[in-house]
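The residues making up each chain are set out below.
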2 protein chains.
Amino acid sequence: MDLLTLESLPPQLRQLISYRELEPGEALFQQGDEAIAFFVVETGRLRLVRYSSDGKEVTFQITRSGESLAEIALFSNNYPCAAVAELSSRVIVYPKQPLLSALRNYPDLAEDFMAMLIGKIHDLKVRLELRHIRAAHERVLRYLRYIADPSEQTVVTFDRPLKDIAADIGLTPETLSRALARLEREGKIRRTRLQILLQNSSAA
Amino acid sequence: MDLLTLESLPPQLRQLISYRELEPGEALFQQGDEAIAFFVVETGRLRLVRYSSDGKEVTFQITRSGESLAEIALFSNNYPCAAVAELSSRVIVYPKQPLLSALRNYPDLAEDFMAMLIGKIHDLKVRLELRHIRAAHERVLRYLRYIADPSEQTVVTFDRPLKDIAADIGLTPETLSRALARLEREGKIRRTRLQILLQNSSAA
DNA sequence: CGCATAGTTGACTACGCTCAACCCTGGTGG
DNA sequence: CCACCAGGGTTGAGCGTAGTCAACTATGCG
């Protein structure tokens with residue numbers, strides 16, 4: 001959903017981008033490193049972690065394929081967190097200065113970029129809104145409706161383990177499992193192997 | 001932090017912006033309204049609420065003076081939520097189409113705008129990260145350190161009721177109160193009337 | 001001098017987390 | 001072809017902690 005569409009990428013910039021392959025556990029950059037590029041994950045998954053003053057590490061964000069990371073690098077001198085590959089990953093590297101000037105010179109690119117940023121803001125807001133719902137089963141139901149909504153479908157198909165979904169919405173796998181079971185008991189959803197069918201969900 | 005600096009606003013656009021005064025409780029726009037403008041709160045405070053299919057209302061975001069709202073309007077046809085003034089407020093209205101063309105034509109403006117969006121993303125990420133901390137007192141401590149950090153200060157002064165702070169970080173006022181009391185008992189903070197002093201917080 | 005609102009404290013409840021056991025599936029190798 | 005194994009998923013029992021409801025205090029304002 002927050003893909004940087006490369007269609008509008010001007011040829012000059014296209015020559016400047018490069019790729020980087022990462023092994024699991026390998027770092028793309030460290031907290032405090034000079035910010036020299038902006039990235040988009042092509043395949044794999046990266047974890048952004050922040051080391052706080054007391055040395056504890058906090059996961060800032062998980063970035064999956066198609067998503068961007070370190071946008072802040074464009075207007076900041078250093079990375080505020082470290083990025084580490086969780087799986088073998090391949091990321092597209094957009095060098096900071098060339099990207100900035102491309103954004104200045106190619107309004108189409110800038111517009112796509114802004115649209116992407118705004119989509120990301122919306123997505124973050126939705127995820128934050130989700131966290132306000134205490135009851136696990138209601139949170140899950142709203143989440144399901146949210147991801148079903150754009151597609152106008154009432155069927156949700158997961159492409160990753162439920163435990164990942166659980167982490168995404170701030171629940172443990174056990175609680176998610178119980179919530180889904182409860183929703184099914186209450187007739188709100190129906191489950192087949194990998195899919196979830198929303199019932200009577202007069203979607204907004 | 002996510003102010004749209006108006007310095008770079010070209011004269012043509014400057015003529016097109018207007019202002020709107022809102023009484024407490026008055027709506028700036030309703031959910032589903034055609035998206036015709038993007039806004040910045042000059043004074044006051046607005047609440048963005050979303051009405052879900054089951055009629056329950058969910059606060060999407062609180063927008064305070066200096067902050068922008070409804071960026072999504074620029075690339076979307078309708079507002080996904082309603083905006084209601086909590087206090088007497090004055091908002092700057094940037095009509096959508098003129099702003100879009102200004103962003104295309106004035107790279108400085110576009111750059112400022114992008115920087116603002118990226119700052120907003122960062123802020124949202126931080127707030128989401130906060131929610132992952134279960135223990136109330138630890139969440140509060142991290143929150144305090146976060147808002148103290150930029151100013152290099154170890155003193156935090158609140159300009160709004162604690163109950164608002166509590167809602168912001170996803171706690172009830174009672175729990176926040178207890179968390180602050182506990183932090184004080186443990187010597188992590190010191191409280192005066194309106195200020196909180198962080199102790200030994202070797203700030204990052 | 002009340003009144004409204006914010007903040008604090010207490011008692012109780014509820015629900016999500018933790019730990020643990022168990023089931024089920026898919027893959028591997030004998 | 002079956003035995004085994006690993007991982008995800010489910011289910012159960014118990015605990016901890018944030019929410020809820022309520023009472024009380026403090027503050028600011030008419």
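Residues numbered from 1 in each chain as written. Chains lettered and ligands numbered in written order. Predicted model: local features only at pLDDT ≥ 70, side-chain atom pairs only at ≥ 80, totals over all residues. Heavy atoms only, no water.

**Concerning the overall build of chain A**
Then, number 1: A tally of helices and strands in chain A yields 6 helices and 11 strands.
Then, number 2: Residues classed as buried in chain A amount to 47% of the 204 residues present.
Then, number 3: Within chain A, counting contacts between residues at least 6 apart in sequence, those at least 24 apart form 70% of the total. (Helix = DSSP H or I, 4+ residues; strand = E, 2+ residues; numbered from the N terminus. Buried < 20%, exposed > 50% of the residue type's maximum accessible area, 1.4 Å probe, protein only. Contact = heavy atoms within 4.5 Å.)

**Notes on the protein's contact with DNA strand C**
Then, number 1: The environment of DNA strand C is made up of 18 residues, and the closest members are Ala135(A), Ala136(A), Thr175(A), Leu162(B) and Arg178(B).
Then, number 2: Between DNA strand C and Thr175(A) there is a distance of 2.6 Å, counted from a phosphate oxygen to a side-chain nitrogen or oxygen.
Then, number 3: Those elements giving two or more residues to the surface near DNA strand C turn out to be helix H6 (173-185) of chain A together with helix H5 (162-168) and helix H6 (173-185) of chain B. (Near = heavy atom within 4 Å. Polar contact = N/O pair within 3.5 Å; in protein donor to acceptor, adjacent residues only side chain to side chain.)

**Examining helix H3 (residues 107-131) of chain B**
Then, number 1: The terminal C-alpha atoms of H3(B), which comprises 25 residues, lie 36 Å apart, in line with the 36 Å expected from a rise of 1.5 Å per residue.
Then, number 2: Taking burial as the measure, the 25 residues of H3(B) include 19 buried ones, the bulk of the element. (Expected span 1.5 Å × (residues − 1).)

**Points about the relation of the copies chain A and chain B**
Relating one copy of the chain to the other takes a rotation about an axis and a shift parallel to that axis.
Then, number 1: With an axial shift of 0.1 Å and an RMSD of 0.6 Å, the rotation relating chain A to chain B amounts to 179°. Accordingly, the operation relating the two chain copies is best matched by a two-fold axis. (Least-squares fit on C-alpha atoms with pLDDT ≥ 70 in both.)

**Let's talk about the pattern of salt bridges**
Then, number 1: Taken as a whole and judged by the stated rule, the model has 30 salt bridges over all chains.
Then, number 2: Residue Arg182(A) is joined to Glu186(A) by a salt bridge in which the shortest nitrogen-to-oxygen separation is 2.9 Å.
Then, number 3: Of the residues examined, Arg182(A) reaches a relative accessible area of 33% and is grouped as partly exposed.
Then, number 4: Across the pair Arg64(B) and Asp168(B) runs a salt bridge whose closest N-O atoms are separated by 3.7 Å. Taken together, the residues Arg64(B) in strand E5 (residues 57-64) and Asp168(B) in helix H5 connect sequence positions 104 residues apart.
Then, number 5: Take Arg64(B): its relative accessible area is 18%, and that puts it in the buried class.
Then, number 6: Taking relative accessible area as the criterion, Asp168(B) reaches 15% and is therefore assigned buried.
Then, number 7: Counted as one network, the salt bridges with shared partners bring together Arg45(A), Arg47(A), Glu86(A) and Asp164(A). (Salt bridge = Lys/Arg side-chain N within 4 Å of Asp/Glu carboxyl O.)

**Description of the packing of aromatic side chains**
Then, number 1: Scanning the model with the defined rule gives 10 aromatic pairs over all chains in all.
Then, number 2: Here the aromatic rings of Phe29(B) and Phe39(B) are separated by 5.6 Å at their centres, their planes lie at 25°, and the arrangement is stacked. On the criterion of sequence distance, the pair formed by Phe29(B) in strand E2 (residues 27-29) and Phe39(B) in strand E3 (residues 37-43) is long-range, its members being 10 residues apart.
Then, number 3: Taking the relative accessible area as the measure of exposure, Phe29(B) reaches 5% and is therefore buried.
Then, number 4: Grouped by ring-pair contacts, the aromatic residues Phe29(A), Phe39(A) and Tyr79(A) constitute a single cluster.
Then, number 5: For Arg90(A), the ring lying beneath its charged end belongs to Tyr19(A), and the centroid distance is 4.3 Å. (Phe/Tyr/Trp six-rings, centres within 6.5 Å; stacked < 30°, edge-to-face > 60°. Lys NZ or Arg CZ within 6 Å of the ring centre and 35° of its normal.)

**Details of the pairing of E3(B)**
Residue and element names in this part refer to chain B.
Then, number 1: Across the 7 residues that make up E3, a large majority, 5, are buried.
Then, number 2: Across 6 bridges, the pairing between E3 and strand E8 (residues 89-95) is antiparallel. The partner of Val41 across the bridge, within E8, is Val91.
Then, number 3: Bridging between E3 and strand E6 (residues 68-69) involves 2 bridges; their strand directions are antiparallel. Each residue of the ladder has a partner; that of Val40, found in E6, is Ser68. (Pairing = 2+ DSSP bridges.)

**Details of the environment of Gly25(A)**
Residue and element names in this part refer to chain A.
Then, number 1: Along the polypeptide, Gly25 turns up in the loop between strand E1 (18-22) and strand E2 (27-29).
Then, number 2: Take Gly25: its relative accessible area is 54%, and that puts it in the exposed class.
Then, number 3: Put simply, Gly25 and Ala85 are 60 residues apart on the chain and 5.2 Å apart in space, counted from C-alpha to C-alpha.

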